[in-house]
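In case you want the letters, here they are:
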Amino acid sequence: MSLRSSSGNPVTGKPVGGTADRRLVPRRRKNFLGPQPLGLLFSAPYVIYILAVLAFPLGYAVYISFHDFFFTAPQVTVDRPFVGFDNYITVLSDPAVQRSFLNIGVFLIINVPLTVGLSLLLANALNRVTRLKTFFRLSYYVPYVTASVAVVGVWLFLFQGNGLLNTLLGPLAPSPSWLVNSWLAMPTVALYVTWKQLGFFILLYLAALQNIPDELYESAAVDGGNKWVQFWNITVPGVRPASVLVTLLATITGANLFTEPYLLTGGGGPDGASASPVFIMYQRGILQGNPDVAAALGVVLVIGVLLIALIQKRLVGGKED
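None of the values given here were measured: they were computed from a predicted structure.

Conventions we followed
- Residues numbered from 1 in each chain as written.
- Predicted model: local features only at pLDDT ≥ 70, side-chain atom pairs only at ≥ 80, totals over all residues.
- Heavy atoms only, no water.
- Helix = DSSP H or I, 4+ residues; strand = E, 2+ residues; numbered from the N terminus.
- Buried < 20%, exposed > 50% of the residue type's maximum accessible area, 1.4 Å probe, protein only.
- Lys, Arg positive; Asp, Glu negative; His and termini not counted.
- Salt bridge = Lys/Arg side-chain N within 4 Å of Asp/Glu carboxyl O.
- Polar contact = N/O pair within 3.5 Å; in protein donor to acceptor, adjacent residues only side chain to side chain.
- Contact = heavy atoms within 4.5 Å.
- Patch = residues over 30% accessible without salt bridge, like charges linked within 9 Å, V, L, I, M, F, W, Y side chains within 5 Å.
- Areas by Shrake-Rupley, 256 points an atom, 1.4 Å probe, with all protein chains shown as cover.
- Axes fitted to C-alpha atoms, helices over the stretch in contact; angles between N-to-C directions.
- Parallel < 35°, antiparallel > 145°, perpendicular 65-115°, else oblique.
- Left-handed = near helix turned anticlockwise from the far one by under 90°.
- Nonpolar A, V, L, I, M, F, W, Y, C, P; charged D, E, K, R; others polar.
- Phe/Tyr/Trp six-rings, centres within 6.5 Å; stacked < 30°, edge-to-face > 60°.
- Lys NZ or Arg CZ within 6 Å of the ring centre and 35° of its normal.
- Core = buried A, V, L, I, M, F, W, Y, C linked by side-chain atoms within 4.5 Å.

A. Just the side chain of K196, in detail. Along the chain, the position of K196 falls in helix α8 (residues 185–209). The side chain of K196 is buried and forms no salt bridge, while E260, the nearest opposite charge, is found at 5.9 Å. For K196, the side chain forms a polar contact with the main-chain oxygen of P143, separated by 3.3 Å. Residues within four places of K196 in sequence aside, it is in contact with P143, Y144, T146, A147 and S148.

The following block contains the structure:
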């Protein structure tokens, strides 16, 4: 009689993988840190930074917006009662706040399309340059890394009443001048911000262009496609993820506009024509001592930016498979 069974151990005849064999296999303990705990260790400093610098202030701002909050001396305890949506009603009914959102809407309508279009066109041109490539790329990037205070002086020289631009335009120069004209102040700020930040977005598109295979352009050229056909049918779809990123970053940067109108127009002038929501937050929270109203305005601004970013992602990014 054979000791081998059809599906068992040749010596014992017991099924392989039975209770006795399972006892020999060490059980793996589940690690609550995940399969790669070392990765969490390396990412911990950035996570702590996000929680301390972004998440906690945002959560605290939401708390302030629902209370009658005001600044006090250190270690002074005062009652800050819950007021519900009173601060939000105050914000939404404030004419200065309403105008600031209108101003930032004008800014975004001018700045975002110009940023996306010019960045892509210039990046595509720079990508084809063979000589002095580093010089041209650095020339576009220098304004981005230059301090705004230094660059603003140049723009004030160009756009003030007796500046270089008005001198060149002569009788065609606007009156009042660019930065003191209620209709032209915010468009002028939008042009300045577009010019200053263009170098950063050009670099993003240059990185995206490296991922487009040259064989696609060669095939299009063989089929008779000119440069415009190649750009529209190969380059634009090929850099769509970068376009989504550029659009979102330009929108977020524009929604948080503060330094440029503060320096160029003397604090949102003329008569609030270039005031941004962040500038109104600074006025209400710091200058006027109403941090609860400023916090409510900040929460409304965050929600508005998120909604705009979602719509832009749908429009620019298209449908995802």
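On we go.
B. Just the side chain of N103, in detail. Topologically, N103 is positioned in helix α4 (residues 95–128). Each residue touching N103, except ones within four places of it in the same chain, is listed here: M186, G272, A273, S274 and A275.

C. Layout of a nonpolar patch on the surface. Judged by side-chain polarity, Y46, Y49, V53 and L54 come together as a nonpolar surface patch covering roughly 430 Å² of accessible area. Along the chain, Y49 turns up in helix α2 (residues 37–65). Judged by its relative accessible area of 45%, Y49 is partly exposed.

D. Main features of the packing of α8 against helix α11 (residues 240–255). For the pair α8 and α11, interaxial distance at closest approach is 10 Å and the crossing angle is 160 degrees. Between α8 and α11, the angle falls in the class roughly antiparallel. Handedness of the α8/α11 crossing: right-handed. Between α8 and α11, the contacting residues are Q197, F200, F201, L204, Y205 and A208 on the first element and A242, S243, L245, V246, L249, A250 and T253 on the second. Tallied by class, the residues present in the contact of α8 with α11 amount to 10 nonpolar, 3 polar and no charged.

E. Expanded view of the packing of aromatic side chains. Tallied over the entire structure, the rule returns 25 aromatic pairs. Between W155 and F159 the ring centres are 4.9 Å apart and the planes differ by 10 degrees, which places this aromatic pair in the stacked class. Separated by 4 residues within a single helix, W155 and F159 lie in helix α6 (residues 148–159), roughly one turn from each other. F159 carries the same exposure label as W155, and that label is buried. An angle of 70 degrees between the planes, with centres 5.3 Å apart, marks the rings of F200 and F201 as edge-to-face. When its relative accessible area of 25% is taken as the criterion, F200 is described as partly exposed. Take F201: its relative accessible area is 3%, and that puts it in the buried class. Over the aromatic face of F70 sits the side chain of R80, whose NZ or CZ is 5.7 Å from the ring centroid. Positioned over the ring face of Y217 is R128, at 5.7 Å from the centre of the ring.

F. Broad picture of the nonpolar core. Counting 37 residues, the largest nonpolar core has F107, V189, Y192, Y205, V239, L257 and L264 as its most contacted members. At the level of elements, α4, α6, α8, α9 (214–222), α10 (227–238) and α11 are the ones that each hand at least two residues to this core. When residues in this core are grouped by element, the largest group, 12 residues, is from α8. Excluding residues within four positions of it along the chain, V239 makes contact with L120, Y205, A208, L209 and I212.

G. Just the pattern of salt bridges, in detail. With the rule as written, the count across this model stands at 1 salt bridge. With a closest N to O distance of 2.8 Å, R284 and D94 form a salt bridge. Residue R284 is located in helix α13 (residues 277–287), and its partner D94 is located in the loop between α3 (86–92) and α4; the two are separated by 190 residues in the primary sequence. Judged by relative accessible area, which is 14%, R284 ranks as buried. On the basis of relative accessible area, D94 is assigned to the buried category, the value being 16%.

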